[in-house]
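Now for the letters of each chain:
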Amino acid sequence: MWNGSPRSVTSHETVAYENSFLVAGKTFKNAGKVSRQIKTLLQKMKFPKEVVRRAAIVTYEAEINICSYAERGRIVLRVKPKEISIEATDEGQGIADIELAMKEGYSTATPRIVHMGFGAGMGLANIKRFSDVFRITSEVGKGTHLEMIIHV
Ligand SMILES: Nc1ncnc2c1ncn2[C@@H]1O[C@H](COP(=O)(O)OP(=O)(O)O)[C@@H](O)[C@H]1O
Ligand SMILES: [Mg+2]
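Keep in mind the model is a prediction, meaning the values are calculated, not measured.

Reading guide: rules and limits
Residues numbered from 1 in each chain as written. Chains lettered and ligands numbered in written order. Predicted model: local features only at pLDDT ≥ 70, side-chain atom pairs only at ≥ 80, totals over all residues. Heavy atoms only, no water. Near = heavy atom within 4 Å. Polar contact = N/O pair within 3.5 Å; in protein donor to acceptor, adjacent residues only side chain to side chain. Areas by Shrake-Rupley, 256 points an atom, 1.4 Å probe, with all protein chains shown as cover. Helix = DSSP H or I, 4+ residues; strand = E, 2+ residues; numbered from the N terminus. Nonpolar A, V, L, I, M, F, W, Y, C, P; charged D, E, K, R; others polar. Axes fitted to C-alpha atoms, helices over the stretch in contact; angles between N-to-C directions. Parallel < 35°, antiparallel > 145°, perpendicular 65-115°, else oblique. Left-handed = near helix turned anticlockwise from the far one by under 90°. Contact = heavy atoms within 4.5 Å. Pairing = 2+ DSSP bridges. Expected span 1.5 Å × (residues − 1). Buried < 20%, exposed > 50% of the residue type's maximum accessible area, 1.4 Å probe, protein only. Core = buried A, V, L, I, M, F, W, Y, C linked by side-chain atoms within 4.5 Å. Salt bridge = Lys/Arg side-chain N within 4 Å of Asp/Glu carboxyl O.

## Things to note about the site of ligand 1
- Surveying the vicinity of ligand 1 reveals 17 residues, the closest of which are Y69, D90, S107, T108 and G121.
- Contacts to ligand 1 include N65, whose side-chain N or O atom sits 2.9 Å from an oxygen atom.
- Within the backbone of G119, a nitrogen or oxygen atom sits 3.5 Å from an oxygen atom of ligand 1.
- Protein burial of ligand 1: of its 520 Å² of free accessible surface, 94% is covered by the chains.
- Put simply, the parts of the chain that give the shell around ligand 1 at least two residues each are α2 (49–69) and α5 (123–130).
- A per-class count over the shell around ligand 1 returns seven nonpolar, nine polar and one charged.

## A word on the packing of α2 against α5
- Look at α2 against α5: their axes get within 9 Å of each other, and the N-to-C directions meet at 155°. What the angle tells us is that α2 and α5 run roughly antiparallel. Considering the relative orientation of α2 and α5, their crossing is left-handed. Here R53, R54, I57, V58, E61, A62 and N65 of α2 come into contact with α5, specifically with G123, L124, N126, I127 and F130.

## Focus: the pairing of strand β3 (residues 70–79)
- The sheet contact formed by strand β2 (residues 17–24) and β3 spans eight bridges and is antiparallel. Residue pairing across strands places F21 opposite I75, the latter belonging to β3.
- One ladder, built from nine bridges, connects β3 with strand β4 (residues 83–92); its direction is antiparallel. Looking across to β4, one finds that I75 is bridged to A88.
- Linkage of β3 to β4, two consecutive antiparallel strands, is achieved through a turn of three residues.

## Some points on α2
- Between its first and last C-alpha, α2 extends 30 Å over 21 residues, near the 30 Å set by a 1.5 Å rise per residue.
- With 15 of 21 residues buried, α2 lies mostly within the body of the structure.

## Some points on the nonpolar core
- Counting residues in each nonpolar core, the largest one holds 38 residues, and the members touching the most others are L42 and L77.
- Considering every element that reaches this core, the biggest residue donor is α2, with nine residues.
- Sequence-distant contacts of L77, defined by excluding residues within four places in its chain, comprise Y17, E18, N19, F21, I38, L41, L42, I84, S85 and I86.

## Digging into the pattern of salt bridges
- Applying the stated criterion across every chain yields a total of nine salt bridges.
- The residue K26 makes a salt bridge to E71 at a minimum N-O spacing of 2.9 Å. Here the residue K26 occupies a position in the loop between β2 and α1 (33–44), and E71 occupies one in strand β3, the gap between them amounting to 45 residues.
- The class for K26 is partly exposed, based on a relative accessible area of 38%.
- Note on E71: relative accessible area 41%, which makes it partly exposed.
- One salt bridge connects K142 with E139, and the closest N-O pair in it is separated by 3.6 Å.
- By relative accessible area, K142 is classed as exposed at 54%.
- Counted as one network, the salt bridges with shared partners bring together E18, R78 and E87.

## Section: the packing of α1 against α2
- One way to put it is that α1 packs onto α2 with a least axis distance of 8 Å and a crossing angle of 160°. Here α1 lies roughly antiparallel to α2, going by the angle between them. Every pair of crossing elements has a handedness; the one defined by α1 and α2 is right-handed. Between α1 and α2, the residues in contact are K33, V34, S35, I38, K39, L42 and Q43 and V52, A55, A56, T59, Y60 and E63, respectively.
- Residue classes in the contact of α1 with α2 are distributed as seven nonpolar, three polar and three charged.

Okay, structure coming up:
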């Protein structure tokens, strides 16, 4: 789902391209759509295959977590001269123990989420693995914020 219009800036040191995408929470109806859109955009911008692949993986995992656990969220793509920044912000239950949530295989996925083919507990671990910079903050009952940077 597109939200807002893409912005192009010609200034050399700031953002070259920015776009924001809404992600519906607690539903898998459009799961994966935003990460596909972002992947297509980056392919059109002619980034190396490996960069596109890593950006697509981290965006996909962040998106699926919003679909799984949050009420609603937003993913912002910023393309800068030397990096791709992907920010995922959601309103939702938040994460009480981030260190635990980051562990490979740890998941609180419900049977419904598992039935949809998600909930292997690898999402956050893979986001960390495929990002050059990964920051996560969360507040229980408020929401979660992820920042992923991939150097180009
Ligand atoms: N955006 C989020 N909001 C609330 N909880 C989250 C969010 N993302 C991850 N979590 C919590 O962290 C756990 C681990 O996430 P992840 O590594 O993506 O594995 P999975 O989604 O397969 O459970 C989830 O099971 C959930 O408890
Ligand atoms: Mg996940």
